[in-house]
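The primary structure of each chain is shown beneath.
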Amino acid sequence: MKDLHIYNTLKRKKQKFEPINTPHVGMYVCGPTVYGDGHLGHARAAITFDVVFRYLKFLGYKVRYVSNITDVGHLENDADSGEDKIQKKAQLEQLEPMEVVQFYTNRYHENMRNLNVLRPSIEPHASGHIPEQIELVEKIMKNGYAYQSNGSVYFDVLKYNNEHNYGVLSGRKVEDLYETTRELDGQKEKRNSFDFALWKKADKKHLMHWKSQWSEGYPGWHLECSAMGQKYLGEKFDIHGGGLDLQFPHHESEIAQSVAAYGQEPVKYWMHNNLITINGQKMSKSLNNFITLFDLFSGNSDLLEKNYSPMTVRFFILQAHYRSPLDFSNEALKASEKGYLRLMKAAETLQKLTPAKKSTIKVAEIISKATDAINDDFNTPIFISVLFDAVKIINSVNDGKETLNAADLKKLQEFFSSYTHDVLGLLPLEKSAETDSDLTNDLIKTILEVRLNAKNNKDFTTSDLIRDKLLELGVLVKDKKDGFDWEIKKS
RNA sequence: GGUGACUUGGCCGAGCGGUUAGGCACUGGUCUGCAAAACCAGCUACGGCGGUUCGAAUCCGCCAGUCACCUCCA
């Protein structure tokens, strides 16, 4: 594929990506609710759309990427029905709600930095956009799609559905929703069970609330994305992303709110990433089977056999297509770790290759195969498989079995660094402090020259002793035809 | 109950009617004084039963199993 194609959930097919106002692209992605640490599932969403963001920029688009921080807290439906998540956590930890919010926001950012996820252009907080949300509720009411009941405001789904389609995104039919909605707080105030809150009156114990003409309360949970998306990206923008589990009712309701307020659907391309499963079940906070990113990086969990570096995790996620479910297992992570190391070592080798007179490899073919893959709805697993084809070539050239001319070598080097680093966001292997030190490098080199000398004199006792001693120190010696190479092993 | 998705070799994971995806593991070989690294080769699968087709992992039907959404969730 020459042009970028994106699978649009709204149309249920891949479509050529054509921005509404080229070269500008507006993209909105539902961000985390900051009442706890992020887990592998959050990483998948963040990395999926990070690659989208990176690739669009790489293609030359001017992208405004907005991703919200949900800090208002919304209804939680377990035994403590009606409690606000952030409020609950605040009481538990005896903190100010905003202190909880700040704490977990900081930790989320730390995780994202480790995963090499670029910060969005704008990262708006729901709590900082209460007036905008109130204004949106007013608009929807004025247009007749909402009603007030006991201090709360609800969206009139039935009325909306008569004129539009509540279900365009998720394929649901309102008739089918009658029997399937369970008893929720405030159910009796609604005309229909599937009506959703735009504004909710806060009870006395509720810590987070704001003044409005209807009541002292807080905004409904679909509202912030509609309000902030519209504020920063306009009434209609290009891409809206999020996890598959947000498709209904969250995104469906967002569409309804925007149509009710502005008379048009807010988004051209809807993208949904699939979920991470563990033992075949989705990883989620409510099922309590999640592994936080901090645990993953430190290895501190009964589910983990060891720790995995952020880049291993990133690579693991990119090895599956974003619309497929991805099952977590230690075996899979370990396989990704090895693969990532091999890929990055080849990237290092590539920089050291010397050009030959002519090429025995068709570099352009490889590059076009790879770009086709990423243009085909961000097919990173295929893309990576092509990278591994290139790894074979790089190693063969390094072994003198294949050759690349100067132009091809340069092409391949540029391709590797731009796509691997800029688009996929994979960082090169971390250099420990030692490797960066010239003195250490020179010392190792000197020692290995001594060893080479011993080897040439067939003094293998000495040469093996040096090799073993260096290995004990964490330096892995790799003999080559005409000398040696080494790497500092990570523990 | 309604809606949608999935079932691929030891493991992970692509595939969208006809070419070996790829990674990891394993086995054999090349290289090496021996190793390591690297390279080469092998292991060649598509839940079951039918159907369409010259040809199906890929389309259709039935059966079995798994999952997701319908409640906050990435």
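The structure displayed is predicted, hence computed values, not measured ones.

## Some details on unusual backbone geometry
So, step 1. Residues Thr22 and Pro23 are joined by a peptide bond in cis, for which omega reads 0°.
So, step 2. Within the secondary structure, Pro23 sits in the loop between strand E2 (13-16) and strand E3 (24-29).
So, step 3. The peptide bond linking Phe248 to Pro249 adopts the cis configuration, its omega dihedral lying at 0°.
So, step 4. Tracing the backbone through its elements, the reader meets Pro249 in helix H8 (residues 247-262).
So, step 5. A positive phi angle, close to 55°, is found at Asn288, a residue other than glycine.

## A word on the packing of aromatic side chains
So, step 1. All told, the structure shown has 21 aromatic pairs when counted by the stated rule.
So, step 2. Aromatic side chains Phe58 and Tyr419 sit 4.9 Å apart centroid to centroid with 65° between the ring planes, which places their arrangement in the edge-to-face category. Of the two residues, Phe58 is situated in helix H1 (residues 40-58) and Tyr419 in helix H14 (residues 406-423); the sequence distance between them amounts to 361 residues.
So, step 3. Judged by relative accessible area, which is 35%, Phe58 ranks as partly exposed.
So, step 4. Residue class for Tyr419 comes out buried when judged on its relative accessible area of 9%.
So, step 5. With centroids separated by 6.0 Å and ring planes inclined at 75°, the aromatic side chains of Tyr145 and Tyr160 adopt a geometry described as edge-to-face. With a gap of 15 residues between them, Tyr145 in the loop between helix H4 (130-142) and strand E7 (146-149) and Tyr160 in helix H5 (residues 157-163) connect regions that are remote in the sequence.

## Digging into the packing of helix H10 (residues 310-318) against helix H11 (residues 330-352)
So, step 1. It is the contact of H10 with H11, at a shortest axis distance of 8 Å, that shows an interaxial angle of 100°. Accordingly, the angle class assigned to the pair H10 and H11 is roughly perpendicular. In this structure, H10 contributes Met311, Thr312, Val313, Phe315 and Phe316 to the contact, and H11 contributes Ala332, Leu333, Ser336, Glu337, Gly339, Tyr340 and Leu343.

## So, the state of the cysteines
By definition, a disulfide links two cysteine residues through a covalent bond between their sulfur atoms.
So, step 1. Enumeration according to the criterion identifies zero disulfides in this entry.
So, step 2. The thiol of Cys30 is not disulfide-bonded; the next cysteine sulfur, from Cys225, is found 3.8 Å away.
So, step 3. Look at Cys225 and you get buried, because its relative accessible area is 3%.

## A closer look at the pattern of salt bridges
So, step 1. Applying the stated rule across the entire model yields 23 salt bridges.
So, step 2. In this structure, Arg467 and Asp464 form a salt bridge, with 3.6 Å as the shortest nitrogen-oxygen distance. Linking Arg467 with Asp464, this pair stays in helix H17 (residues 460-472), spanning three residues, or about one helical turn.
So, step 3. Each of Asp3, Lys16 and Glu18 takes part in a single network of salt bridges with overlapping partners.

## Description of the side chain of Lys190
So, step 1. Relative to the helices and strands, Lys190 resides in the loop between helix H6 (174-177) and strand E9 (197-201).
So, step 2. Nearest to the buried, unbridged Lys190 among oppositely charged side chains is Asp195, at 7.3 Å.
So, step 3. In terms of polar contacts, Lys190 uses its side chain to reach the backbone carbonyl oxygen of Asp195, at 2.8 Å.
So, step 4. Leave out the neighbours within four places in its chain, and Lys190 touches Tyr147, Tyr154 and Asp195.

## Points about the protein's contact with RNA strand B
So, step 1. Of all residues adjacent to RNA strand B, which total 65 residues, the nearest are Lys85, Trp221, Lys282, Met283 and Asn395.
So, step 2. Here RNA strand B approaches the protein such that, of its atoms within 4 Å, sugar and phosphate make up 63%.
So, step 3. One of the backbone N or O atoms of Gln319 is found 3.5 Å from a sugar or linking oxygen in RNA strand B.
So, step 4. Between RNA strand B and Asn395, the relevant distance is 2.3 Å, taken from a phosphate oxygen to a side-chain nitrogen or oxygen of the residue.
So, step 5. For the surface near RNA strand B, the leading source of residues is helix H13 (residues 380-398), giving eight residues.
So, step 6. Classifying every residue of the surface near RNA strand B gives 21 nonpolar, 23 polar and 21 charged.

## Regarding the side chain of Arg44
So, step 1. Topologically, Arg44 is positioned in helix H1.
So, step 2. With no salt bridge to any partner, buried Arg44 finds its closest opposite charge in Asp327, at an N-O distance of 9.6 Å.
So, step 3. At 3.3 Å, the side chain of Arg44 forms a polar contact with the backbone oxygen of Asn274.
So, step 4. In this view, Arg44 contacts Asn273, Asn274, Leu275, Ile276, Ile317, Ala320, His321, Tyr322, Ser324, Pro325 and Leu326; residues no more than four positions away in its chain are not counted.

## Some thoughts on the environment of Val363
So, step 1. Tracing the chain through its elements places Val363 in helix H12 (residues 363-375).
So, step 2. Spatially, the C-alpha atoms of Val363 and His251 are 43 Å apart, while their sequence positions differ by 112 residues.
So, step 3. With sequence-adjacent residues up to four places away left out, Val363 is seen in contact with Leu404, Asp408, Lys411 and Leu412.

## Here we look at the sheet that holds E7
So, step 1. The strand order across the open sheet formed by four strands is E7-E8-E9-E10, and the pairing between neighbours is antiparallel. Edge strands, defined here as strands with exactly one partner in the open sheet, are E7 and strand E10 (217-219). On average, each strand axis in the sheet is inclined to that of its neighbour by 20°, with strand direction left out of account.

## Re the domain arrangement of chain A
So, step 1. One can read the domain layout of chain A as domain 1 (19-273), domain 2 (278-423) and domain 3 (433-488).
So, step 2. The C-alpha centroid of domain 3 is placed 58 Å from the C-alpha centroid of domain 1.

## Focus on the sheet that holds strand E14 (residues 281-282)
So, step 1. Across the sheet, which stays open at both edges, the three strands sit in the order E14-E13-E15 with mixed pairing between neighbours. Taken across any chain shown, the strands that pair with only one partner, and hence form the sheet edges, are E14 and strand E15 (326-328).
So, step 2. In this sheet, E14 lies alongside strand E13 (residues 276-278) in antiparallel orientation, the contact comprising two bridges. By the bridge assignment for E14, Ile278 is matched with Gln281.

Here is what the cut-offs are and how they apply
Residues numbered from 1 in each chain as written. Chains lettered and ligands numbered in written order. Predicted model: local features only at pLDDT ≥ 70, side-chain atom pairs only at ≥ 80, totals over all residues. Heavy atoms only, no water. Helix = DSSP H or I, 4+ residues; strand = E, 2+ residues; numbered from the N terminus. Phe/Tyr/Trp six-rings, centres within 6.5 Å; stacked < 30°, edge-to-face > 60°. Buried < 20%, exposed > 50% of the residue type's maximum accessible area, 1.4 Å probe, protein only. Axes fitted to C-alpha atoms, helices over the stretch in contact; angles between N-to-C directions. Parallel < 35°, antiparallel > 145°, perpendicular 65-115°, else oblique. Contact = heavy atoms within 4.5 Å. Disulfide = S-S within 2.5 Å. Salt bridge = Lys/Arg side-chain N within 4 Å of Asp/Glu carboxyl O. Lys, Arg positive; Asp, Glu negative; His and termini not counted. Polar contact = N/O pair within 3.5 Å; in protein donor to acceptor, adjacent residues only side chain to side chain. Near = heavy atom within 4 Å. Nonpolar A, V, L, I, M, F, W, Y, C, P; charged D, E, K, R; others polar. Pairing = 2+ DSSP bridges. Domains from an automatic or database assignment.

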